[in-house]
Amino acid sequence: MALEVRIGKRLAKVQLLNREGDRMKFEVDGRTYDLDMVEVEPGIWSILYRGKSFNLEIIPGSKPKNYTVNTLFQSYEADIVDAEAKYMEARDKAAFGEASNRILSPMPGKVVRIPVAIGQEVKAGETVIIVSAMKMESEFKAAADGVVREIFVKEGDTVDGNQVLIVIE
Amino acid sequence: MALEVRIGKRLAKVQLLNREGDRMKFEVDGRTYDLDMVEVEPGIWSILYRGKSFNLEIIPGSKPKNYTVNTLFQSYEADIVDAEAKYMEARDKAAFGEASNRILSPMPGKVVRIPVAIGQEVKAGETVIIVSAMKMESEFKAAADGVVREIFVKEGDTVDGNQVLIVIE
Amino acid sequence: MIRKVLVANRGEIAVRVMRSCRELGIPTVAVYSEADRKAMHVRYADEAVFIGPSPSQESYLVIDKIIAAAKQTGADAIHPGYGFLSENAGFAQRCADEGIIFIGPSPYAINTMGDKITARKTMIAAGVPVVPGTESAITSDEEALAIIERIGVPVMIKASAGGGGKGMRLVKDPKDVLSSLRAARSEARAAFGDDAVYIEKYINSPHHIEYQILGDQHGNIVHLFERECSVQRRHQKVVEETPSPLLTPEVRAEMGRHAVAAAAAVNYYGAGTIEFIVDEQLNYYFLEMNTRLQVEHPITERVVGVDLVKQQINIANGGKLPFRQDDLVQRGHAIECRIYAEDPDRNFMPSPGVIRHITEPLGLGVRHDGYVYEGYEIPMYYDPMISKLVVWGSDRDDAIRRMRRALYEYKITGVKTSIKFLERIMENKAFAEGSYNTHFIEEHLEELTTSRECDRTCEDLAVITAFLDHTNRLAAASVKGPEASPKDSPWKSFGRRNSINRL
Amino acid sequence: MIRKVLVANRGEIAVRVMRSCRELGIPTVAVYSEADRKAMHVRYADEAVFIGPSPSQESYLVIDKIIAAAKQTGADAIHPGYGFLSENAGFAQRCADEGIIFIGPSPYAINTMGDKITARKTMIAAGVPVVPGTESAITSDEEALAIIERIGVPVMIKASAGGGGKGMRLVKDPKDVLSSLRAARSEARAAFGDDAVYIEKYINSPHHIEYQILGDQHGNIVHLFERECSVQRRHQKVVEETPSPLLTPEVRAEMGRHAVAAAAAVNYYGAGTIEFIVDEQLNYYFLEMNTRLQVEHPITERVVGVDLVKQQINIANGGKLPFRQDDLVQRGHAIECRIYAEDPDRNFMPSPGVIRHITEPLGLGVRHDGYVYEGYEIPMYYDPMISKLVVWGSDRDDAIRRMRRALYEYKITGVKTSIKFLERIMENKAFAEGSYNTHFIEEHLEELTTSRECDRTCEDLAVITAFLDHTNRLAAASVKGPEASPKDSPWKSFGRRNSINRL
């Protein structure tokens, strides 16, 4: 079985060539890896590759088929890109427009202020919402010029991480 | 709903009188408890009772409806005694005889030696099997005089905890 | 003698105070807001009292509720921790009025040191060096201009009632004086309800070095040496160490004497900290006094060998200090890293959420003061500090190496943390050489927020692991039907395996 | 200079050695058996080599496999930890022959100290006091009877090649001499392939006090003071502390000089321990030397401030000791508790199994050296020690109180542990007074294995919690159908919650 995985800006093709218990052979973009892979704790993999000991953490992301993968010094965002994922991406785009036009809450918090209203024109870089968490206020700005199409929250609301707050077209 | 719980040698009758979210009212053998009970970690309960903070660990045992419950200084074995439990107990007794006639492995380990054979008469206190784990050998003895009826393991076998090893009648 | 202590705080400091109480055999009472029912300090305490809604203005900061909780549980003493009510003279006075021991200094000392202008006057009178600047609150624009004329730019305008960087403005160019003054006053009014500000000479490339003080109620005061706190981001400390790599033995001893003089000027008792600003030529000036335990107190505890919370309790009990200045020595070197729930890759955005998995660093020379546990949800209402990692080494190099090792072992998933950022500080050349000042993070920000390069292998292994997790889930789903797939998730499957034969 | 270290061990000591290597910037190689693929030392190391089946005779004890692993990975040094090959002179010699640095003493020192009779002769020659008894192996029953006639009962018959209590027999009555002698020889033959035994005067109510030694390859030897190890069960240490509550400053200094003399007698280099047996009158006698790191080495590290593993590596590199005897001081008090996977309520039966949940003690003065993690299965093949809890306090009372607090915080479920047993030791009056000897556990066994009384409330709360867990499961099962119930178990449900929307 072969799949595509998006990691950062790279789209990698990965394939499991062979598996005997924990001994697995993979091919990633033409390079072969003979691995001894064991999930030692939930979501934590101990990998032996050419005698070296690697520890990888894999954390399911907020969206389906999205992962955060941590190695010793790096943190990667990885997406499984299968047919369904491509369809979902297209559907989301149709429903909400380009991701860059949506303001998402990057963290749970409380809406402090919304200095814009539906229908209002905004410039790129203009603050459209201020969210407070842990004694810190964060301002979120429009990524491009546009018109405020939807505001899903109001001042004083508690929001979750990754919730769509405002759509700008 | 009322149930009987066996704790040590005591058979306690317990009943949930009222529940609003985490605030619960119980009756145990006629005494009433107004509690604020929250499961803070899986199997770990924080209980506030008359302003005192209690932490209880509840660990599913090896048999159904059996628990180990740890408070700050005690460790209790607790069994839920419902109709099914009573039936199972009767059935086990019919199949294997009194529990005292069965030699169970109390821990995972390796069978080192079985100095008895099927059909052999043994005296109470006689060693019938030696199991080794963690560099320690433990001898298990017959609880009463009898005849070895069944031996389910052989020397060199690896055994799990709570496995029936030998039946004496 | 104190028989029961109510800890009017939450998070790691509440647990830390309760630990010392437990060692002393003194029962503790926790107070908790709605968001904190599952918090560790509630679990750790012997008793717990609910005090209201999650925002601290409606719970941890409400004096009446704290006093009522103490009365209700029969607590005869209150430890305020740091933050919240710890530097509130009104609270300390109220405790006294109610016959409850406030484990901290007198209301007089809190008041005097809490107002920066009064503190400054007191220090000048006590012969402690202060930064050139105003001696009283600025009341007019003209006065501000005149002072800046006299001492020269750069200057810092500061809120008289302030702290934590609020109501502060740096003026480098005389033409910005008036606008900065107005901004500082408006911020001060909003934050503290008091728009009094004062002006000080701004020290370029300063070091922030503070002295730990202990005084008893019999007039004995000692210092427990310095802490170097110059690694700061937006006036918030990130890394602290002791001894300071900057000080010479002579300056260390002289600053210590001035720190004791500063505390003596307000008849100080309890634990407190004298903050100094120090320039590259080792000129030092009194900055302020914190009349409470500091976040970074553990490095002093490690190097000097004194449990500061136990001494606070001893002092509050009317006991004498069990040591004199000559008995105290710094041994080895200690460093503290503050672990925040924040994302250094996204401008240090706060990251509240559920702790999914945690592996704590252990072993020789490592102290870890935290309060979170697996499954705990860090609330969005309070400080983003998760824990404090403190290491000791036989010398500074040994301590830095040990901190690197401890950070390597420290894993938290579920929320973003500053661990990688701290690792890069420990690997930074300027830090390793001990040549840094309060501009350190700003000057090295790019380097400190850039991932270390990894060869292609790391990335490919990440791809493989994501692929494998995905295909494992697919396989599980196809065997059991889609609705069963969550239970076949590898997450915490061992727990489930143990309960699968039940019911 | 050592560039890469293979650690020929497992468990907490392998991780502990790797920690110091990591702090020194030296990469490490783990070796592992079949049972240990998921063990922490494999995860912690930079490289890992598989060396065979689970029983240690087929993996960790096979010299050829260890040497091959070192060759294969280019490790130029081997740290043996304790146990396994650590006191095998043949292994040390083999390393030398292969050009690999053995991080430990010379084969000559291991050999001389490894044979008890040779060691005894060497000590007598060096002027170190030894227990009255034979100087050479007993070859005939007549000889044994004659010796016992001379020194009088009680006597101890010991295997010459022995250790760990095997091949030992106490004789209190002269009529038991011959049967005990035969039993000891037969046990010695079975355990060590050598039936040589010797006879020593038996010391009533003895203390077991040992001295930590460090020697370099330039002839410098220092001691790092004593460890009191008298809290033992079946000759296995359970609790250790330093300083010993028994010793006076004069005896401490004199024993230290004898300990250094003992090490010097075999030109010792590396870390080692001189064990003494001490009676109530503070008469002390050389017992044996352990030519390796001890399990309980951390209490010395804490009180003296020296990282013993780093010094082992420094010495193996040919470096000089960075301190002289006069530089070393004991500061405060340290206690170690060994946490075993065993059930004190069932005659200390071993309890291997899966660690379900673990909460580690943290905070001031607590060091924790472990290797297990949640979901890890402690294998049945090796030692039952889970971890070592080490505390420091400003004095002995402070350290005991801190140990109680740390044990209170330490929770492990999934396997039975000795934590409650250790808590009772810390609460024992004789222990608190420091008046105990090697019979302590035996004499207080009933008290140490009896649960503290709790009022009716505790028991009722346990009943309620069991009831609630049960009814929660029932409710979940009736909503979702019985086959879905395991996934509604509260165990680790937060992990599942996070993955429930996936796939």
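Analysis parameters
Residues numbered from 1 in each chain as written. Chains lettered and ligands numbered in written order. Predicted model: local features only at pLDDT ≥ 70, side-chain atom pairs only at ≥ 80, totals over all residues. Heavy atoms only, no water. Helix = DSSP H or I, 4+ residues; strand = E, 2+ residues; numbered from the N terminus. Rg over C-alpha atoms; globule rule 2.2 N^0.38 Å. Buried < 20%, exposed > 50% of the residue type's maximum accessible area, 1.4 Å probe, protein only. Contact = heavy atoms within 4.5 Å. Areas by Shrake-Rupley, 256 points an atom, 1.4 Å probe, with all protein chains shown as cover. Pairing = 2+ DSSP bridges. Buried area = accessible area lost by both parts, 1.4 Å probe. Salt bridge = Lys/Arg side-chain N within 4 Å of Asp/Glu carboxyl O. Nonpolar A, V, L, I, M, F, W, Y, C, P; charged D, E, K, R; others polar. Domains from an automatic or database assignment. Polar contact = N/O pair within 3.5 Å; in protein donor to acceptor, adjacent residues only side chain to side chain. Axes fitted to C-alpha atoms, helices over the stretch in contact; angles between N-to-C directions.

> Help me understand the overall build of chain A, please; the structure alone is not making it clear to me.
Helix and strand counts for chain A come out as one helix and 16 strands. Scaling as 2.2 N^0.38, a compact globule of 169 residues should have a C-alpha radius of gyration of about 15 Å, whereas chain A reaches 21 Å, well beyond that. Every one of the 169 residues in chain A was classed for burial, and the buried ones make up 44%. Taking as baseline every contact in chain A between residues at least 6 positions apart, the subset at least 24 positions apart corresponds to 35%. Of the roughly 8600 Å² of accessible surface on chain A, a fraction of 49% belongs to carbon and sulfur atoms.

> Can you help me understand the pairing of strand β11 (residues 236–242) of chain D in this one?
Two faces make up the sheet, and in a regular strand the side chains alternate between them. All names here are of chain D. Burial analysis of β11 places six of its seven residues in the buried class, the great majority of the element. Across four bridges, the pairing between strand β10 (residues 221–233) and β11 is antiparallel. Opposite Gln-232, over in β11, you have Lys-237 as the bridge partner. The turn linking β10 back onto β11 is made up of two residues, and Arg-234 within it adopts a positive phi angle of 50 degrees. Summarising the sheet, β11 and strand β14 (residues 333–340) pair through four bridges and their orientation is antiparallel. Its bridge partner being in β14, Glu-241 is matched across the sheet by Ile-335.

> How do you make sense of the interface of chain B and chain D when you look at a structure like this?
Interface extent is often summarised as the accessible area lost during association of the parts. Listed as interface residues are 56 residues of chain B and, on the opposing side, 51 residues of chain D. Both faces considered, chain B and chain D share a buried interface measuring about 4800 Å² in area, 69% of it formed by carbon and sulfur atoms. Along the contact surface separating chain B from chain D lie three salt bridges. Where D:Glu459 meets B:Arg10, a salt bridge forms, and the shortest distance between an N and an O atom there is 2.8 Å. Of the residues that constitute the side of chain B that touches chain D, the class distribution is 37 nonpolar, seven polar and twelve charged.

> Any chance you could explain the domain arrangement of chain A here in plain terms?
Each assigned domain of chain A is listed with its residue range as follows: domain 1 (2–81) and domain 2 (88–168). Relative to domain 2 of chain A, the C-alpha centre of domain 1 of chain A lies at a distance of 33 Å.

> Just checking my understanding: could you explain the interface of chain A and chain C for this structure?
Facing 56 residues of chain A, the contacting portion of chain C comprises 51 residues. Buried area between chain A and chain C, both sides added, is near 4800 Å², and the carbon and sulfur share of it is 69%. Considering only the surface of chain A that becomes buried against chain C, A:Pro42, A:Phe73 and A:Met134 emerge as the three largest contributors, covering 17% of it. Linking chain A with chain C are three salt bridges, by the criterion used here. The salt bridge partner of A:Arg31 is C:Asp460, with a shortest N-O separation of 3.8 Å. Summed over the shared surface of chain A and chain C, the result is seven residue pairs in polar contact (both at pLDDT 80 or more). Among the residues making up the side of chain A that touches chain C, the classes are represented as 37 nonpolar, seven polar and twelve charged.

> For this particular structure, what's the right way to read the sheet that holds strand β19 (residues 366–370) of chain D?
Within a sheet, neighbouring strands are paired by backbone hydrogen bonds and run either parallel or antiparallel to one another. Residue and element names in this part refer to chain D. Read from one edge to the other, the open sheet built from eight strands follows the order β13-β12-β9-β10-β11-β14-β21-β19, with strand pairing classed as antiparallel. The open sheet has two edge strands with one neighbour each: β13 (284–290) and β19. Each strand of the sheet is rotated relative to its neighbour by a mean of 25 degrees, with strand direction disregarded. Note that strand β9 (residues 207–215) and strand β12 (residues 270–278) share nine bridges and pair antiparallel. Residue pairing across strands places His-207 opposite Val-278, the latter belonging to β12. Packing of helix α11 (residues 308–316) onto the sheet brings it into contact with β9, β10 and β12, and relative to β9 it is tilted by some 40 degrees.

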